[in-house]
Amino acid sequence: AQSVTQPDIHITVSEGASLELRCNYSYGATPYLFWYVQSPGQGLQLLLKYFSGDTLVQGIKGFEAEFKRSQSSFNLRKPSVHWSDAAEYFCAVGLGGATNKLIFGTGTLLAVQP
Amino acid sequence: GAVVSQHPSRVICKSGTSVKIECRSLDFQATTMFWYRQFPKQSLMLMATSNEGSKATYEQGVEKDKFLINHASLTLSTLTVTSAHPEDSSFYICTGQDDTDTQYFGPGTRLTVL
């Protein structure tokens, strides 16, 4: 069965420090991979996505993620975190096409210290 | 980017009443829309997949007679929670899927059943 694991429930980083949020997936075929961000009480905003091609994808707000097939990972990175990045981050696997169910990880809550 | 709206953003109702939530894709056509439910401090769980002009496909454990979904046009899907009970209180989020298989999330609807 498809699944997504985000090992870190909660992460705290200092403003200006680098960030890496981990995501591992289990899926038989090449997955569609997504990272979303959710601010408190809000819906989800798409940060970036990987469907095929270059395994390093650039997203909005200075985020990037790298697809590593051998590790079944799609980790999210940002070189310098801003206080406004504090939010919950969800990794998701999409099954593609008209039945494009998204399977979400449990989320990582990011806190940013001044 | 693609925008999805939801209405209302918050609703409080009495137990036993029905509540309708609208999901609209504002600047693209969404052949497929998805409805998710999110409990506090938890991840999103897919409830159903809604395809324009056809019956919705419900996930296992989701009562189709309780959560009525209608997708009458390429820009509008509605979720009606019938005979709502306090345990139906949750954050309901819809998505519209564009022709690149990317899902764009609405801002969510907070339902509180008294």
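For the structure, see preceding data.
None of the values given here were measured: they were computed from a predicted structure.

**A few points about the overall build of chain B**
Piece 1. Assigned secondary structure in chain B consists of zero helices and eleven strands.
Piece 2. Taken from the N to the C terminus, the helices and strands of chain B come in the order β-β-β-β-β-β-β-β-β-β-β.
Piece 3. Expressed as lengths along the three principal axes of its C-alpha atoms, the size of chain B is roughly 40 × 25 × 20 Å.
Piece 4. Counting across all 114 residues of chain B, residues that qualify as buried make up 53%.
Piece 5. Averaging the positions of the 10 positive and the 11 negative side-chain charges in chain B gives two centres separated by 11 Å.

**Some points on the environment of Ala 30 of chain B**
Residues and elements named next belong to chain B.
Piece 1. Assignment of secondary structure puts Ala 30 in the loop between strand S3 (19–25) and strand S4 (32–38).
Piece 2. Counting along the chain gives 48 residues from Ala 30 to Thr 78, while the straight-line C-alpha distance between them is 13 Å.
Piece 3. If near-sequence neighbours (up to four positions away) are discounted, Ala 30 is found in contact with Ser 25, His 71, Leu 74, Gly 96 and Gln 97.

**Some remarks on the sheet that holds S3 of chain B**
Picture the strands of a sheet paired through backbone hydrogen bonds; they go either parallel or antiparallel.
All names here are of chain B.
Piece 1. The strand order S1-S3-S8-S7 describes an open sheet built from four strands, whose pairing is antiparallel. Here the strands that pair on one side only, and so sit at the sheet edges, are strand S1 (4–7) and strand S7 (67–73). When the angles between neighbouring strand axes are averaged without regard to direction, this sheet yields 15 degrees.
Piece 2. Where S7 lies against strand S8 (residues 76–81), five bridges are found, and the strand directions are antiparallel. Its bridge partner lying in S8, Phe 67 is registered against Val 81.

**Re the side chain of Gln 6 of chain B**
All names here are of chain B.
Piece 1. By the element assignment, Gln 6 lies in strand S1.
Piece 2. A distance of 3.0 Å separates a polar atom in the side chain of Gln 6 from the backbone nitrogen of Cys 94.
Piece 3. Among residues more than four places away in sequence, those in contact with Gln 6 are Ile 21, Glu 22, Cys 23, Trp 35, Tyr 92, Ile 93, Cys 94, Gly 106, Pro 107, Gly 108 and Thr 109.

The rules behind the values
Residues numbered from 1 in each chain as written. Chains lettered and ligands numbered in written order. Predicted model: local features only at pLDDT ≥ 70, side-chain atom pairs only at ≥ 80, totals over all residues. Heavy atoms only, no water. Helix = DSSP H or I, 4+ residues; strand = E, 2+ residues; numbered from the N terminus. Buried < 20%, exposed > 50% of the residue type's maximum accessible area, 1.4 Å probe, protein only. Lys, Arg positive; Asp, Glu negative; His and termini not counted. Charge placed at Lys NZ, Arg CZ, Asp CG, Glu CD. Contact = heavy atoms within 4.5 Å. Pairing = 2+ DSSP bridges. Axes fitted to C-alpha atoms, helices over the stretch in contact; angles between N-to-C directions. Polar contact = N/O pair within 3.5 Å; in protein donor to acceptor, adjacent residues only side chain to side chain.

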